[in-house]
Amino acid sequence: MKIIDKIVLWARLKSPWILHFNTGACNACDIEIIAALTPRFDLERFGVQLKGTPRHADILVCSGPVTRQIRDRLVRIYEQMAEPKFVIAVGSCATSGGVFEGLYNVQGGIDQVIPVDAYIPGCPASPQAIIDGVVKLIKKLEGAA
Amino acid sequence: MLSALFNILIFPGLFFLSFLGTTAEYIDRKLYARFQNRVGPPWFQPVADLIKLFAKSEVIPEEADPVMFRVVPLVALAATVTAFLYIPIWGTEALYYFKGDLIVIIYLLTLPTFTFFLGGWYSRSLYATIGAIRSVTQLFAYEIPLLLAVLAPALLANTWSLSEMTEYYTVHPWYWLFNLVGFGVALIALLGKLERVPFDSPEAETEIVAGSFTEYSGRFLGWFRWAIDVEAVVGASLLAAVFLPFGLSLWPPLVFGLYLLKILFILCLLTLARTVMARLRIDQMIDFCWRILAPVAFFQLIFDLIIKELIL
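Residues numbered from 1 in each chain as written. Chains lettered and ligands numbered in written order. Predicted model: local features only at pLDDT ≥ 70, side-chain atom pairs only at ≥ 80, totals over all residues. Heavy atoms only, no water.

**Student:** Tell me about the overall build of chain A, residues and numbers included.
**Tutor:** When helices and strands are tallied, chain A shows five helices and seven strands. Projecting the C-alpha coordinates of chain A onto the three principal axes gives extents of approximately 50 × 30 × 25 Å. Expressed as a percentage of the 145 residues in chain A, the buried residues total 50%. Pairs at least 24 apart in sequence give 79% of the contacts found in chain A among residues at least 6 apart. Distance from the positive charge centre (16 side chains) to the negative charge centre (14 side chains) of chain A: 3 Å. (Helix = DSSP H or I, 4+ residues; strand = E, 2+ residues; numbered from the N terminus. Buried < 20%, exposed > 50% of the residue type's maximum accessible area, 1.4 Å probe, protein only. Contact = heavy atoms within 4.5 Å. Lys, Arg positive; Asp, Glu negative; His and termini not counted. Charge placed at Lys NZ, Arg CZ, Asp CG, Glu CD.)

In structure tokens, the structure reads:
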């Protein structure tokens, strides 16, 4: 691996900017994601910043099952992000559809619509679990390169 | 030729300024975190952010103007780096100076705000347009107090050249104390120029996503962040040269160290303001700047005139 690729990989791992998107969650996972971003856990230690626009973000943090109504919006948000981009599914519903599996208005988990890089189970997933999931994603990227 | 290139690219040009700028951003974010009882980012964070942005692919919206969208961030960076060449840092003389360079510096520091406007405007996105218009509206509010506050010490020194001004204040060592009110005004105006928190409505992420930068990604966003980092250092250097011109006749390396301490002091004040204050609405900001800040700057100007005519 060339030295420039090493530097780029290092920078990528040290500066994950996230975008939070609710694809139809009951709000419990959203509250836990917000809790993970509070000063108590201080994710800025690892360079994590919450961004408002998909253009700036590297990681799309999705919560909840994909409803049929939000499906097109989720795809559009995903396509608005610049490469390289990663997706994290937070909570049981986001990983598989959860208790909403098979409902007439629900498509299923996030991976039914867009590729997912990390799954964080839990109902709701606790802030510690979410941080652990992000760390595991970063480890995976480190190992893959 | 070679020395000019060295001056432009290495010291005190692009490389040195980028180093100072990223350090300033780190100090700002770390202090902000410590004020909030957090640990804060590691020392390499701003550099890692920039490298990551430059390595990302960029998306240019179909509706955006492809040329302006690409050129505007570079203009922002070029303007701020050029302004620095006229500011004295290791003595009383800047690298380049002529009569009236103070106005040129202020003009060059206005350019980034216009590039924020143009970048947002040519993105053709609703949030970006709102952010762009807010940043120009804000420009009309803070620019007048800043110019008046910076002109007061110039009036006292009877020159429009920054290098001649610092020379005047070295010959008359305690005269800078007359301008402390102007220093306060300029500091608040600088907060507006840098779009820092009490005056950050142009990029208020809780209401208009990211303002002018909403559609910017990858490299182009990187140029903008780089320009903003550099702008903070150049703005602080301008204030240090105009309002804190003491100890400039010492040994040059000592003067340089003193200069670093001065801009550190100014940057800490800016961070303190960011921590203790909440965002002002755009109309409140303009109200404040025109009703309070501009009259105070006028007072400083008249005060300097009276002192100059009656006492000195």
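**Student:** Quick rundown of the overall build of chain B? Include the residues and the values.
**Tutor:** Each helix and strand in chain B was counted, giving eleven helices and zero strands. Put simply, chain B runs from its N terminus to its C terminus through helices and strands in the order α-α-α-α-α-α-α-α-α-α-α. Taken along the three principal axes of its C-alpha coordinates, chain B extends 60 × 50 × 40 Å. Excluding contacts between residues fewer than 6 apart, the proportion of contacts in chain B whose partners are at least 24 apart in sequence is 79%. Of the roughly 13300 Å² of accessible surface on chain B, a fraction of 72% belongs to carbon and sulfur atoms. (Areas by Shrake-Rupley, 256 points an atom, 1.4 Å probe, with all protein chains shown as cover.)

**Student:** Can you tell me about a nonpolar patch on the surface, naming the residues and giving the values?
**Tutor:** Judged by side-chain polarity, B:Met1, B:Leu2, B:Leu5, B:Phe6, B:Ile8, B:Leu9, B:Ile10 and B:Phe15 come together as a nonpolar surface patch covering roughly 890 Å² of accessible area. The greatest single-element share of the nonpolar patch, amounting to five residues, is contributed by helix α1 (residues 2-9) of chain B. (Patch = residues over 30% accessible without salt bridge, like charges linked within 9 Å, V, L, I, M, F, W, Y side chains within 5 Å. Salt bridge = Lys/Arg side-chain N within 4 Å of Asp/Glu carboxyl O.)

**Student:** Explain the interface of chain B and chain A to me, and be specific about the residues and the numbers.
**Tutor:** Across the boundary between the two partners, chain B contributes 28 residues, which contact 27 residues of chain A. For the chain B and chain A pair, buried surface summed over both sides reaches about 2300 Å², with 57% attributable to carbon and sulfur atoms. Summed over the three residues of chain B that lose the most area to chain A, namely B:Arg38, B:Lys52 and B:Lys56, the buried surface amounts to 26% of that side. Counting the contacts that link chain B with chain A gives six salt bridges. A salt bridge links B:Arg29 to A:Glu44; the nearest nitrogen and oxygen atoms lie 2.8 Å apart. Here chain B and chain A share 19 residue pairs in polar contact (both at pLDDT 80 or more) between them. Ranked by residue count, the leading element in the side of chain B that touches chain A is helix α3 (residues 45-55) of chain B, at seven residues. In terms of residue class, the side of chain B that touches chain A is built from 15 nonpolar, six polar and seven charged. (Buried area = accessible area lost by both parts, 1.4 Å probe. Polar contact = N/O pair within 3.5 Å; in protein donor to acceptor, adjacent residues only side chain to side chain. Nonpolar A, V, L, I, M, F, W, Y, C, P; charged D, E, K, R; others polar.)

**Student:** Break down helix α4 (residues 66-84) of chain B for me, citing the residues and quoting the values.
**Tutor:** Along an α-helix, residues three or four positions apart point the same way, because every turn accommodates 3.6 residues. All names here are of chain B. Of all bends in α4, the biggest is about 25 degrees, found at Val 72, and the proline Pro 73 comes one to four residues later. All of the buried residues in α4 are Phe 69, Val 72, Pro 73, Ala 76, Leu 77, Ala 79, Thr 80, Val 81, Ala 83 and Phe 84. Those residues of α4 hidden inside the fold are in contact with α2 (14-35), α5 (101-123), α9 (218-243) and α10 (252-276). Its side-chain oxygen 3.2 Å from the backbone nitrogen of Val 67, Asp 65 forms the N-cap of α4. (Bend = angle between axes of the 7 residues up to and from the residue.)

**Student:** Mind laying out the nonpolar core, listing which residues take part and the relevant values?
**Tutor:** Counting residues in hydrophobic clusters, the biggest one holds 82 residues, and the most contacted among them are B:Leu102 and B:Leu162. For this core, the element with the highest residue contribution is α9(B), accounting for 17 residues. Residues within four places of B:Leu102 in sequence aside, it is in contact with B:Val150, B:Leu151, B:Ala154, B:Trp160, B:Leu162, B:Met165, B:Leu238 and B:Val242. Ranked by size, the runner-up nonpolar core spans 22 residues in total, among them A:Ile18, A:Phe41, A:Val61 and A:Ile120. (Core = buried A, V, L, I, M, F, W, Y, C linked by side-chain atoms within 4.5 Å.)

**Student:** Describe the pairing of strand β1 (residues 17-22) of chain A, and please don't skip the residues or the numbers.
**Tutor:** All names here are of chain A. With two bridges joining them, β1 and strand β2 (residues 49-50) adopt parallel strand pairing. Bridge pairing links Ile 18 to Leu 50 in β2. At this point the chain moves from β1, through helix α2 (residues 28-36), to the parallel β2, and the crossover so formed is right-handed. Taken together, the five bridges between β1 and strand β3 (residues 59-63) define a ladder with parallel strand orientation. (Pairing = 2+ DSSP bridges. Right-handed = clockwise from strand over helix to strand, strands pointing away.)

**Student:** Break down the state of the cysteines for me, with residues and values.
**Tutor:** What the rule picks out here adds up to zero disulfides over all chains. For the unlinked cysteine A:Cys123, the closest cysteine sulfur is that of A:Cys93, found at 5.7 Å. (Disulfide = S-S within 2.5 Å.)

**Student:** So, the side chain of B:Gln45: which residues are in play, and what are the values?
**Tutor:** By the element assignment, B:Gln45 lies in helix α3. Look at B:Gln45 and you get buried, because its relative accessible area is 0%. Setting aside chain neighbours within four positions, we find B:Gln45 in contact with A:Lys14, A:Ser15, A:Phe46, A:Gly47 and B:Arg29.

**Student:** Lay out the packing of α2(B) against α3(B) in plain terms, naming residues and giving numbers.
**Tutor:** In a pair of packed helices, the angle between the axes and the distance between the axes together describe the arrangement. Residues and elements named next belong to chain B. The N-to-C vectors of α2 and α3 enclose an angle of 120 degrees; their axes lie 8 Å apart at closest approach. It follows from the interaxial angle that α2 and α3 lie oblique. Only Gln 45, Pro 46, Val 47, Asp 49 and Leu 50 of α3 make contact with α2, whose side of the interface consists of Thr 22, Glu 25, Tyr 26 and Arg 29. Its residues placed into classes, the contact of α2 with α3 shows four nonpolar, two polar and three charged. (Axes fitted to C-alpha atoms, helices over the stretch in contact; angles between N-to-C directions. Parallel < 35°, antiparallel > 145°, perpendicular 65-115°, else oblique.)

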